[in-house]
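Fold and contact review
Read off the chains here:
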Amino acid sequence: RFLQMIEPVDVFWKCNKGYLAVTHALPNGDVLIANMGDPAGNGKGGFVVLDGDTFELKGNWENECEAPPTGHDFWFQARHNVLVSSAGLVPKVAGRGFCPDDFKKGVFGRRLNVWNLSCRSLTQCFDLGEDSLPLTVRFLHSPEAAEGYVACALSGAIFRFYRACEANTWAVEEVIRIPPKDVSGWIMSKMPAFITDLLISPDDRFLYVCNWWHGDVRQYELSRNCKPRLVGQVFVGGSILRGGPVTVCRDEELKCQPEPLVVKCKRVFGGPAVLQLSLDGKRLYVTNSFYSTWDQQFYPSMVKEGSAMLQLDVDTDKGGLTVNKNFLVDFGKEPHGPCLAHEIRFPGGDAKS
């Protein structure tokens, strides 16, 4: 049952915000929610706070006039008194669908923001490149770790951010870049890697990313101060499948286009959008709806047939991913018609807690 509802008008008038995104609990028990836009749909970052006991809307979290131009995700490390937030999309433009003409118009964010957690003030900003669209931010799980990763959706790049030695400042370095593919029959002649989610295993050994347009889920092995090493990859859909409307003309990684995926007699449409990992690190769950407007644009068959949740079996010894052909949650069979699945959570805590 619903415990409480905060009406949109309350967020509009009290916080001048209107497109709430990612939620996490703060160390003091309050609830922090990242924001993407103002009530009119213009880009606006920052956060709103809910009381952890009553769930009443307290107001804005950041100090006045410090809201970044866009926002989407965040993560924090309390022992280092730091919160890191990503950029995002301008809601009123993104809601119309993806358009190549929006490049270089400020629709896609490019900043990584570093905040003083206790003072709620913005201390550093990093420009990750034009139209990079850094969406997902993850710190390592160890509370002592002063490093994490941010995935840039449109550039296909993943940056490591870390506290610089002998200074109370932070730095970033690019550690992964998934190359685009030259294609025909698509909205652009180059199909970039579109990284919609990034996840780190609870033991901080592996990093997982999902590539919504290309259709693959990747597993990287992490090692301190070294570039992550690709140890697992599997295709669970995407836009470059064999027999589809898109032809890959040049590919730096693959020799041929991947085959369509069928699980328990169901053809899986769409691409991997959101990940969740079991606490033992052996079961990686994947859903394939990113954003309904974009779903309709790129994967109309998924919208018609309903999305799915899949399970990937993880080799935690040597690395490797395999689709479990005995597991399928078919959201096309919901009582009120097909629906689109996005975020996955475990009760009691999970790899994103």
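Description of the structure in this document. (Residues numbered from 1 in each chain as written. Predicted model: local features only at pLDDT ≥ 70, side-chain atom pairs only at ≥ 80, totals over all residues. Heavy atoms only, no water.)

With that out of the way, let us pick up the environment of Phe 331. Of note, Phe 331 is situated in the segment after β26 (329-330). Note on Phe 331: relative accessible area 18%, which makes it buried. Apart from the residues lying within four places of it in its own chain, the contact partners of Phe 331 are Gly 306, Ser 307, Ala 308, Met 309, Gly 337, Pro 338, Cys 339 and Ala 341. (Helix = DSSP H or I, 4+ residues; strand = E, 2+ residues; numbered from the N terminus. Buried < 20%, exposed > 50% of the residue type's maximum accessible area, 1.4 Å probe, protein only. Contact = heavy atoms within 4.5 Å.)

What follows deals with unusual backbone geometry. The backbone of Leu 133 shows a phi angle near 55°, a positive value even though the residue is not glycine. One can find Leu 133 in the loop between β8 (121-127) and β9 (134-139). When its relative accessible area of 0% is taken as the criterion, Leu 133 is described as buried. Of note, Asp 204 is a non-glycine position whose phi angle comes to about 60°, a positive value. Considering the arrangement of structural elements, one finds Asp 204 in the loop between β15 (195-200) and β16 (206-211). We classify Asp 204 as buried; its relative accessible area is 17%.

This part is about the pattern of salt bridges. For the structure shown, the criterion picks out 22 salt bridges. We note a salt bridge from Glu 62 to Lys 17, for which the minimum N-O separation is 2.5 Å. With a gap of 45 residues between them, Glu 62 in the loop between β4 (57-60) and β5 (74-77) and Lys 17 in the loop between α1 (8-15) and β1 (20-25) connect regions that are remote in the sequence. As far as burial versus exposure is concerned, Glu 62 and Lys 17 are alike and both buried. The partner of Asp 73 in a salt bridge is Arg 138, with the nearest N and O atoms 3.1 Å apart. Of this pair, Asp 73 sits in the loop between β4 and β5 while Arg 138 sits in strand β9, and the two are 65 residues apart along the sequence. The pair Asp 73 / Arg 138 is uniform in exposure class, with both members buried. Shared partners join several salt bridges into a network, and the residues in it are Asp 73, Arg 138, Asp 197, Glu 343 and Lys 352. (Salt bridge = Lys/Arg side-chain N within 4 Å of Asp/Glu carboxyl O.)

In this section: the sheet that holds strand β6 (residues 82-85). A sheet is described by the order of its strands in space; here four strands give the open sequence β5-β6-β7-β8, paired in antiparallel fashion. The open sheet terminates on both sides in strands that have one partner only, identified here as β5 and β8. Between one strand axis and the next, the sheet turns through 20° on average, direction left out of account. The pairing of β5 with β6 spans four bridges and is antiparallel. Each residue of the ladder has a partner; that of Phe 76, found in β6, is Leu 83. (Pairing = 2+ DSSP bridges. Axes fitted to C-alpha atoms, helices over the stretch in contact; angles between N-to-C directions.)

The subject of this paragraph is the packing of aromatic side chains. Considering all chains together, one arrives at 27 aromatic pairs under this definition. On the numbers, 6.0 Å between centres and 85° between planes, the contact of Tyr 285 with Phe 346 is edge-to-face. Of this pair, Tyr 285 sits in strand β23 (residues 283-287) while Phe 346 sits in the segment after β26; the two residues are 61 residues apart in sequence, bridging distant segments of the chain. According to the relative accessible area criterion, Tyr 285 is buried, its value standing at 12%. (Phe/Tyr/Trp six-rings, centres within 6.5 Å; stacked < 30°, edge-to-face > 60°.)

Another point: the sheet that holds β15. In spatial order, the strands read β15-β16-β17-β18; together these four strands make up an open sheet with antiparallel pairing. Pairing within the sheet leaves two strands with one partner each, and these edge strands are β15 and β18 (229-235). Strand-to-strand, the axes of this sheet are offset by a mean angle of 20°, without reference to chain direction. Two strands pair when backbone bridges link them, and strand β17 (residues 216-221) and β18 are joined in this way by six bridges, in the antiparallel orientation. Bridging across to β18, Glu 221 finds its partner in Arg 229.

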